[in-house]
Amino acid sequence: MSITTELREWFDTYRIHWFGRRPEIEPMLDRIDAELAERYVALPMDADGVPIRVGDVMEWCDPDGEVTVTCEVDAVGVECFFAWDGANGRYAQKCANVYSHHHEPTVEDVLREFADEVRRCCDTADTIAEYAAKLRLKEDE
């Protein structure tokens, strides 16, 4: 609901106190709506079509599916966002549609990755040790 809609409803509710002055106020509310419409910029969308907002954590994956860049959104622009680039010590503009929202891996994600790794690799002992550490399993005492 826009602020002008709320104002129109407020004026309708308390019109008795305005003695018919709503016609004078209506053009002002229309001008506010027009000004807001001119200044509106749609939020950029990530690779999955999800809007990107300030504070979101985004990730970029290389073609092999490995996350290589994770960053927090500090500002948004037209089809882009801005985030701190620690490697270069400055803010950098990022193309929104090549990033996805970051999510912490679930147990299912880790197990899926484990299964893929076992299929690719013949050294299952090291692979099991690596993924057991990721799952932070504790031996029963």
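Residues numbered from 1 in each chain as written. Predicted model: local features only at pLDDT ≥ 70, side-chain atom pairs only at ≥ 80, totals over all residues. Heavy atoms only, no water.

J.: Please explain the pairing of strand β4 (residues 80-85) as it appears in this structure.
T.: The side chains of a regular strand alternate between both faces of the sheet. Bridge count between strand β3 (residues 75-77) and β4: three bridges; the pairing is antiparallel. What sits directly across from Ala 75, in β4, is Phe 82. Between β3 and β4, which pair antiparallel in sequence order, lie two residues; one of them, Glu 79, sits at a positive phi of approximately 60°. (Pairing = 2+ DSSP bridges. Helix = DSSP H or I, 4+ residues; strand = E, 2+ residues; numbered from the N terminus.)

J.: Would you take a moment to explain a nonpolar patch on the surface for this structure?
T.: On the surface, Ile 3, Leu 7, Ile 32 and Leu 36 cluster together to form a nonpolar patch covering roughly 320 Å² of accessible area. Mapped onto the nonpolar patch, the elements with two or more residues apiece are α1 (3-13) and α3 (22-39). Along the chain, the position of Ile 3 falls in helix α1. (Patch = residues over 30% accessible without salt bridge, like charges linked within 9 Å, V, L, I, M, F, W, Y side chains within 5 Å. Areas by Shrake-Rupley, 256 points an atom, 1.4 Å probe, with all protein chains shown as cover. Salt bridge = Lys/Arg side-chain N within 4 Å of Asp/Glu carboxyl O.)

J.: Help me understand the packing of helix α4 (residues 107-120) against helix α5 (residues 124-135) in this model?
T.: Angle between the axes and distance between the axes: these two values describe a pair of packed helices. Contact geometry for α4 and α5: axes closest at 10 Å, N-to-C directions at 170°. Taken together, the axes of α4 and α5 are roughly antiparallel relative to one another. Where α4 approaches α5, its residues Val 107, Val 110, Leu 111, Glu 113, Phe 114, Glu 117 and Val 118 are matched on the opposing element by Thr 124, Thr 127, Ile 128, Tyr 131, Lys 134 and Leu 135. For the contact of α4 with α5, the per-class residue count stands at eight nonpolar, two polar and three charged. (Axes fitted to C-alpha atoms, helices over the stretch in contact; angles between N-to-C directions. Parallel < 35°, antiparallel > 145°, perpendicular 65-115°, else oblique. Contact = heavy atoms within 4.5 Å. Nonpolar A, V, L, I, M, F, W, Y, C, P; charged D, E, K, R; others polar.)

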